[in-house]
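A look at the structure
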Amino acid sequence: MEQIDCTPPEHILPSGKERPLCALQPQNRDWKPLQCLKVLTMSGWNPPPGNRKMHGDLMYLCVITVEDRHVSITASTRGFYLNQSTAYNFNPKPANPSFLSHSLVELLNQISPTFKKNFSTLQKKRVQRHPFERIATPFQVYSWTAPQAEHAMDCVRAEDAYTSRLGYEEHIPGQTRDWNEELQTTRELPRKNLPERLLRERAIFKVHSDFTAAATRGAMAVIDGNVMAINPSEETKMQMFIWNNIFFSLGFDVRDHYKDFGGDVAAYVAPTNDLNGVRTYNAVDVEGLYTLGTVVVDYRGYRVTAQSIIPGILEREQEQSVIYGSIDFGKTVVSHPKYLELLEKTSRPLKIQKHKVLNDKNEEVELCSSVECKGIIGNDGRHYILDLLRTFPPDLNFLPIPGEEMPEECQKMGFPKQHRHKLCCLRQELVDAFVEHRYLLFMKLAALQLMQQKASKQENSSVLENGASPENGTGGSEKSELDDCKMEENVNGLDQVKELAETIASDDRTVDPKSREVIQNACKAVGSISNTSFDIRFNPDIFSPGVRFPESSKEEVQDQKQLLKDAAAFLLSCQIPGLVKDCLDHTVLPMDGATLAEAMHQRGINMRYLGKVVDFIAKTPARAQLDHIYKIGISELITRSAKHIFKTYLQGVELSGLSAAISHFLNCFLSSFPNPIAHLPADELVSKKKNKKRKNRNLGNADNTAWASMTPQEFWKNICSEAKNYFDFNLECENVDQAVEVCNLQKITLLREISLKTGIQILLKEYNFDTRHKPTFTEEDILNIFPIVKHVNPKASDAFHFFQSGQAKVQQGFLKEGCELINEALNLFNNVYGAMHVEICACLRLLARLNYIMGDYSEALSNQQKAVLMSERVLGIEHPNTIQEYMHLALYCFANSQLSTALNLLYRARYLMLLVFGEDHPEMALLDNNIGLVLHGVMEYDLSLRFLENALAINSKYHSSKSLKVALSHHLVARVYESKAEFRSALQHEKEGYTIYKNQLGEHHEKTKESSEYLKYLTQQAVALQRTMNEIYKNGSNANFMPLKFTAPSMSSVLEQLNIINGILFIPLSQKDLENLKAEVQRRQQLQEAMKGSEQLEAEDKDCEESAAELSTPPAEVLPPQSSA
């Protein structure tokens, strides 16, 4: 085996405290870009005068070559040639020799040898790079660190920035883009078959990403003061802007529109709520109903909403144009039959109830959305809906209503609470989860009642005629004895309810009244709006200030109020405990703030519940096993509170003081230096005459230098009060060092989180956070501030269905079919999204895993490499997903015998993980097991032990000490001790493992037997060693003894262990076993659906899973023998 250097960098060794930042981006200090020309610019003699135009001159260029030769070039209809002009004399005649050539590159090759050499080198280099390094991503991703780059002179760049300056416009020849027309026409494209749908989705996605890019540029221009307002005479907060056919407004409460809802705070939240509404209506995709292109941009402390413009809206008053909904929150309300018809189609998927409200004349008006939702018919005849900020029902936990009693679960946790604004809505995920929960309840209730009826019937009539039992809607034969297995009966009962419900819904007269009554009772119990079938919908206008309901719908409104209370209670009593349970089971493994937020959002928990989630974790009995979640939660609370403060802080800063203000902010937040002083912009630049008008440009209302007087003590006090007010969480931190100490956080992690949340980009260098002698950050360290952009993500629906069915096939064990489906999905994704997208990344990862399982290691490596490159480009180089992609890539590299590459990848993953979170995370145990195994394979035993023992410690902390994961960890450590011939330690660890296997799986399980065999082998080796030692002691140098066998582990055995810890199991099964297994899986799925809520199933499932394969980390893939070839 060739000698490879396996030494990890010092800072990534277990229990190291250093967290260097420079290693985040590869740095090549000596690298200089190849220079081909010094200057290439448009000549000052442009445009050609009339007489030269008639000679075919198109334009003149001015070039300075690297050899310092100044030349002037004519671009004409015949090609490029040198002319005799100089900087001060115009002489268009061809120079001598003139080299007429068809391409500019050819001409430059002729006149400059350096250009010829360097340009061809440059092209070669460019071609050698992987295409994924060069292709643009659909949405811009910003990095929070950047190396110091020299600012070189570049005339072309300068011209690019300013030639299209016409109000920054983007030019298509002759006009700016009509974004609204593009967005709406792409939606109108036909979608009857797959090719049509692909074309349509591709067009929608392309226009959306272009619109997002343009809107972001525009929003930055607006805040930087480069766009003229359409109402310049009004005060700055009230100004609105139009640029490049996009309408921009600021997130302030102008004209007291949100006075009853919380003023500026409500105006700041409304755009994101509206965006969520737009996203949802777009996803439902009803033909004939149109929404506006919407992008929300947070930049320099301001929130800007960018929207496409409805044709004709600027020419008329809003009152005339709104033909559906209300412009004054429900005082005057109008409706329109066409809108009702269109919105009715969305009401089922969005769970919105059609309802009547009273207008100012006390007339009843029928709506199928909230009153704020406005309908406007544009000049193009399309039906637009806008202001969708109340698409989802209100969250009563944060909306105290006098006289309304909240359920007990809510009151126990201290709800309802007064929030800063009254626009708190439940998330769509929560509404869906709640409805699904109610559906299960409905099925159970009905099944129970049917059983009771059946039982009483059986008692009454000793003979039950199976064929014609009336309560089974279709008269199917049910052989259900009461003493039969309860579970099976439940499944049958539920099937029966399903059939019965369908029969009643189809208005079949054959159903007997008793069964009808069963369904009616169940409907009533779960709060369904129909009494013949399950149908839960919400009325988004309940508890809206200013909305009144007619007397006739009093009962309905009462039911709706109850439903909203139940939903609020469901979030607290089911979703939050569910999230924490998933974290305990490690089905959810967040690594940083963003992944925690994502996990909460998937369960429909809003971020304002973060304090409650952290509290819940603190009170959980298994608190130690949730340590990682607790840490992420606390750092998220701190950085989100800091972000809220940063927003108002920045609004008072002049552009010239921006870097000073941001560095001062970061010093107050993260530096141990007790009294950082802010540097105001130097006085010599401030004009002597105070210009009165200039003052107004600042959008904030704060004094321009107020930020400079902030101190760390005051800042941390603000963070604690913000955490209390917003998240209702008691943070006990007076400064950053105390926070780091008490909660065991890392300053570098806090820096990453706050930079990502606020758009700060800092210089890539080592920062000393802990020095008390000078501040950590200076103005020079702040390189840039980026916008944070929220937008709609159009989906590739067909591709996604293929991907899901592929996943399902794989889980059932049909690998070939799964692989084909996923390949198909990959093609469709590429068709819709282009080459770069998060979903393509997931597709490539799964493909690589399948290739690996089916034995095609090189294909697995190639696919996974693409996944890594893509993840770095679309998510960021240190995103948790990227870290996981590195781990998979390392495994496939090892399988392809690229050992040093595998190790370097694992070291990189460990470094990123330390930076993003720190050492103490369950995922780190997996990573360290991987590193330890590979090091064991290359015979670096001492290093290997450091990593494996760290993994053992982490596993013992996060999984109970009796878990099979811990047993496996003990076994891995024992193997290394065996290789070092330290049999006593090896025996000790293997015994621990054996005990766990024996207690968990029983004496006769093959794992227990394997462990016991290994124990015997170790004992023999230990005895042999002892004998040899005794022999040496007794007979000295002339002792004769058997040579001992010390085996370096074979690569295949290391790979086998790597597969096990990464959750890939090859289980040799016969065809018959496979059939049985599939039948078992299907049976189990049915039971699970039936008994989702029942604890009994969970317990049973757990035993079964553990006995089957608790070795695996991710869900294990179980494979037939032929595929491991």
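Since we're looking at a predicted model, the values are computed, not measured.

With that settled, consider the environment of L666. The topology assignment puts L666 in helix α19 (residues 658–670). Using a relative accessible area of 0% as the deciding quantity, one classes L666 as buried. Ignoring sequence-local partners within four residues, the contact set of L666 consists of S671, L751, I754, I760, I762, F777 and I782.

Turning to the pairing of strand β14 (residues 374–377), a few remarks are in order. As judged from the two bridges shared by strand β11 (residues 322–324) and β14, these two strands associate in the antiparallel manner. Paired with Y324 across the bridge in β14 is G375. Alignment of β14 against strand β15 (residues 383–386), held across four bridges, turns out to be antiparallel. In the sheet register, G375 faces β15, and the bridge partner there is I385. Taking the residues between adjacent antiparallel strands as the criterion, β14 and β15 are bridged by five residues, where G381 takes a positive phi near 80°.

Another point: the sheet that holds strand β17 (residues 782–785). Across the sheet, three strands lie side by side as β5-β16-β17; this open sheet has mixed pairing. Two strands close off the open sheet at either side, each with one partner strand: β5 (145–146) and β17. Bridge count for strand β16 (residues 760–763) against β17 is three bridges, and the pairing is antiparallel. Paired with Q761 across the bridge in β17 is N784.

A few words now on the pattern of salt bridges. A complete count under the given rule lists 58 salt bridges for this structure. R845 is the salt-bridge partner of E885, the closest N and O atoms lying 2.9 Å from each other. In this pair, E885 sits in helix α27 (residues 880–895) while R845 sits in helix α25 (residues 838–853), placing the two residues 40 residues apart along the sequence. The partner of D942 in a salt bridge is K980, and the shortest N-O contact between them spans 2.7 Å. You can see D942 sitting in helix α30 (residues 941–958) and its partner K980 sitting in the loop between α31 (964–979) and α32 (983–1001), a full 38 residues away along the chain. Since its relative accessible area comes to 27%, K980 is described here as partly exposed. Residues joined in a network through salt bridges with shared partners are R187, R191, R200, D285 and E287.

This part covers the packing of aromatic side chains. On inspection of all chains with the given rule, the structure shows 34 aromatic pairs. Ring geometry for Y649 and F665: centres 5.4 Å apart, planes at 50°, overall tilted. Linking Y649 in helix α18 (residues 627–651) with F665 in helix α19, this pair joins segments that are 16 residues apart in sequence. For the pair shown, Y649 and F665 are each scored as buried.

Quick notes on the rules
Residues numbered from 1 in each chain as written. Predicted model: local features only at pLDDT ≥ 70, side-chain atom pairs only at ≥ 80, totals over all residues. Heavy atoms only, no water. Helix = DSSP H or I, 4+ residues; strand = E, 2+ residues; numbered from the N terminus. Buried < 20%, exposed > 50% of the residue type's maximum accessible area, 1.4 Å probe, protein only. Contact = heavy atoms within 4.5 Å. Pairing = 2+ DSSP bridges. Salt bridge = Lys/Arg side-chain N within 4 Å of Asp/Glu carboxyl O. Phe/Tyr/Trp six-rings, centres within 6.5 Å; stacked < 30°, edge-to-face > 60°.

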